[in-house]
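Residues per chain, in single letters:
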Amino acid sequence: MSDAVREAVERLLPGVEQPSRYVGCEWNAIDRRATAQPYRAVLAYPDVYDVGMANQAIQILYAMLNALEGVACERVFVPWKDMADALRSAGVALYALESFDPVNEFDLVGITLPHELAYTNVLELLDLAGIPLHAEDRSDAHPLVVGGGPCAYNPEPLAPFFDAVLVGDGEVAAVEIVQTHRRCKQAHMTRRETLAELAKIQGVYVPSLGQHRVLRRAVADLDAHRSPACPVVPYTDVVHDRVAVEVLRGCARGCRFCQAGTIYRPVRERRPDSIVRDAMAALRCTGYDEVSLTSLSTADHSAFVEVLGRLGRRLQGTDISISVPSLRADALTPDVARLLGKAKRTGLTIAPEAGTQRLRDVINKNITEDGLLDTVARAFASGWRRVKLYFMIGLPTETDDDVAGIGELVGRVLAAARDAVPANERGSVRVGVSVSTFVPKPHTPFQWEAQPPLEEVHRRQELLRERMPRKGVELSYHDAEASFVEAVLACGGREVAAAVEAAWRRGARFDAWTEQFSLDRWRAAFEESGLDASAIANRPRDPFEPLPWSHISSGVSTAYLRAERERAFAGQTTPDCTFAGCTGCGVCGALGVSNVIAGGVRV
Ligand code: SF4
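Every value quoted in this text rests on a predicted model; they were computed, and no experiment measured them.

Caption draft 1: Looking closely at the overall build of the protein. Looking only at helices and strands, the protein features 22 helices and 17 strands. Its C-alpha atoms give the protein principal-axis dimensions of roughly 70 × 60 × 50 Å. Taking all 603 residues of the protein together, 59% fall into the buried category. For the protein, long-range pairs separated by at least 24 residues make up 77% of all intrachain contacts whose partners lie at least 6 apart in sequence. In the structure as shown, the protein presents an accessible area of about 22900 Å², 51% of it carried by carbon and sulfur atoms. Distance between charge centres in the protein, computed from 68 positive and 78 negative side chains, equals 5 Å.

Take a look at the structure:
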């Protein structure tokens, strides 16, 4: 352990908010420093500790890399501004939580890229660590900086800052990256030679080698990789403070705005035995009183009722509850309602996304109004008193009628909820409505579409506010200004990197935190770097023009995305391929994977 760093940090802690973010040594943290001459990796999440520790990829990769012979893996998060200032003025470089050793002394820094508004935090992290921001300025002595996660699918806006970017599931490729890098170091290869070796790994993009073609990596069988049996338990409150077990990866429902729906295809379910085994092991090892079954759409698991039933029986007589973070409208069958009725009612969330059936067909959101009202009635009859509904405005083809339709639909949901509860409890019925702005995302059928200009988004928000029932409804908007910047960062090319750097130099940090975000700062950064941001976010693209991410393949064919776009505008829906047979997206053939349906009841 770096005692000098630790002592310096201890002197800073009394002056900062939430010192527990910076001390490490948590329950189940893994200390591999006794390993002889280990290869040292540090996993970084570009947000504060309390947000980053909820990220499952960090926990999965941390357990996996530490299980490798000769490898020691630690964690680091972005310090909040007070701590960042304190570190800078004390001249202390950012350190990893297990050893307090400076991050720039590690062999590899792996940074998860969860969303675009974390980009300035990536630069903050590198700068605090004393690692040159630009890959071209790094010497052989600097760590290899590798990115990964959902934003790796358009790596260009961050390309100058990364030595390599991993596109796809980390389980297999992260091990290959570590082993290849280790071999290259042992052979005393130069940084350039090492990068050329890394580029040979499927899924690895090396920006300095030009825009070479990269095909995503995908794990064929999730059960081959256990969910962490002993996750790290933070000493401080974190977002989602509980055991999380991923029950399936992927979602083949095919919502046309949804990037996750493309980049995690196909559906790979864990078997019920593994889910129950891993949940029980992690509960025993952590002492948590809640287990969350996670995925893009947990109730889609073909053996969901069996899993809930078996876990419920194992947990009977304990205080441990089961939670399902997001439930699809048609998934709350009487069986599920009964089984979840025993669990903690952490709130029912449903995402109809659009207010009219026409627009729901355009986006391929296969939720009907009757289905939604039935679900709400069932949920409220079996004890729920709150439901949260997610909508989006600015979707392609949206009209004022669609916007007004959101308000009308919410009114009917409220009425259905009130009707389902005893008269004396009607006052406690609450409908939360959260409205975000459409952001065109790479690798989706809507990747060619424009986000409406900001003034138009504001006009539609106002229209919706007028049409929304007041009593019993809590309406919140996701910041439209932040969604505009998100669209620029999501759809831009390498030219956007200069603007990210300019924004960071002007003080942009934690842009996903509403109170920290400043559109003026970003506007100044766009101007300084000569970027026409509206031409990126608010311009429709020709479906045959080259896109900044055209060299990155998710395995889903562009022809399929174009066909889906055509079907959207024709109001035609496309079924889920796990129910209705292959719809021809191409990913299974391209990646040598296929839908894994553990319960065996779906197609
Ligand atoms: S290739 Fe066919 S079966 Fe495989 S994910 Fe795509 S649509 Fe589904």
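Back to the text.
Caption draft 2: Region of interest: the state of the cysteines. In this structure the tally under the stated criterion is one disulfide. Cys151 forms no disulfide, and the closest cysteine sulfur to it belongs to Cys491, at a distance of 11 Å. What makes Cys151 buried here is its relative accessible area of 5%.

Caption draft 3: Broad picture of the packing of helix H16 (residues 480–491) against helix H18 (residues 519–528). One way to put it is that H16 packs onto H18 with a least axis distance of 10 Å and a crossing angle of 30°. The angle between the axes of H16 and H18 places the two elements in the roughly parallel class. The element H16 and its partner H18 pack so that their crossing is left-handed. Taking contact as the criterion, the partners of Glu481, Phe484, Val485, Val488 and Leu489 in H16 are, on H18, Leu519, Trp522 and Phe526.

Caption draft 4: Structural view of the pairing of strand S16 (residues 473–477). Taken together, the five bridges between strand S15 (residues 430–437) and S16 define a ladder with parallel strand orientation. Across the sheet, Gly432 pairs through a bridge with Glu474, a residue of S16. You can see the chain leave S15, run along helix H15 (residues 454–467) and come back into S16, and the turn it takes is right-handed.

Caption draft 5: The nonpolar core, seen in detail. By size, the foremost hydrophobic cluster in this structure holds 123 residues, and its most contacted members are Tyr95, Ile111, Phe162, Phe484, Val485, Trp522 and Phe526. When residues in this core are grouped by element, the largest group, nine residues, is from H16. Residues contacting Phe526, with those up to four places away along its chain left out, are Phe484, Val485, Val488, Ala499, Leu531 and Ala533. Within the second largest apolar cluster, 63 residues are counted, among which are Val247, Leu248, Ile406 and Leu464.

Caption draft 6: Quick look at the packing of helix H13 (residues 369–381) against helix H14 (residues 400–419). For the pair H13 and H14, the least separation of the axes is 8 Å and the interaxial angle reads 35°. In the crossing of H13 with H14, the sense of the turn from one axis to the other is right-handed. Only Leu409, Arg412, Val413, Ala416 and Ala417 of H14 make contact with H13, whose side of the interface consists of Glu369, Leu372, Leu373, Val376, Ala377 and Phe380. For the contact of H13 with H14, the residue count by class is nine nonpolar, no polar and two charged.

Caption draft 7: How the structure looks around the sheet that holds S15. Strand order in the open sheet made by the four strands is S13-S14-S15-S16, with parallel pairing throughout. Taken across any chain shown, the strands that pair with only one partner, and hence form the sheet edges, are strand S13 (348–353) and S16. Neighbour-to-neighbour, the strand axes of this sheet turn through a mean angle of 20°, independent of strand direction. Bridge count between strand S14 (residues 386–393) and S15: eight bridges; the pairing is parallel. Bridge pairing in S15 links Lys388 to Gly432. Across the sheet, H15 touches S14, S15 and S16, and the angle it forms with S16 is around 180°.

Caption draft 8: Region of interest: the site of the ligand. Neighbouring residues of the ligand: Arg265, Pro266, Cys577, Cys582, Thr583, Gly584, Cys585, Gly586, Val587, Cys588 and Asn595. Here the shell around the ligand is built from residues that sort into six nonpolar, four polar and one charged.

Caption draft 9: How the structure looks around unusual backbone geometry. Look at the link from Arg265 to Pro266: it is a cis peptide, with omega at -15°. Here Pro266 shows up in the loop between helix H8 (260–263) and strand S10 (268–269). Backbone geometry places Gln18, a non-glycine residue, at a positive phi of 45°. Among the structural elements, Gln18 can be located in the loop between helix H1 (3–12) and strand S1 (39–45). The phi torsion at His240 lies on the positive side, around 55°, for a residue other than glycine. When its relative accessible area of 48% is taken as the criterion, His240 is described as partly exposed.

Cut-off values and rules
- Residues numbered from 1 in each chain as written.
- Predicted model: local features only at pLDDT ≥ 70, side-chain atom pairs only at ≥ 80, totals over all residues.
- Heavy atoms only, no water.
- Helix = DSSP H or I, 4+ residues; strand = E, 2+ residues; numbered from the N terminus.
- Buried < 20%, exposed > 50% of the residue type's maximum accessible area, 1.4 Å probe, protein only.
- Contact = heavy atoms within 4.5 Å.
- Areas by Shrake-Rupley, 256 points an atom, 1.4 Å probe, with all protein chains shown as cover.
- Lys, Arg positive; Asp, Glu negative; His and termini not counted.
- Charge placed at Lys NZ, Arg CZ, Asp CG, Glu CD.
- Disulfide = S-S within 2.5 Å.
- Axes fitted to C-alpha atoms, helices over the stretch in contact; angles between N-to-C directions.
- Parallel < 35°, antiparallel > 145°, perpendicular 65-115°, else oblique.
- Left-handed = near helix turned anticlockwise from the far one by under 90°.
- Pairing = 2+ DSSP bridges.
- Right-handed = clockwise from strand over helix to strand, strands pointing away.
- Core = buried A, V, L, I, M, F, W, Y, C linked by side-chain atoms within 4.5 Å.
- Nonpolar A, V, L, I, M, F, W, Y, C, P; charged D, E, K, R; others polar.
- Near = heavy atom within 4 Å.

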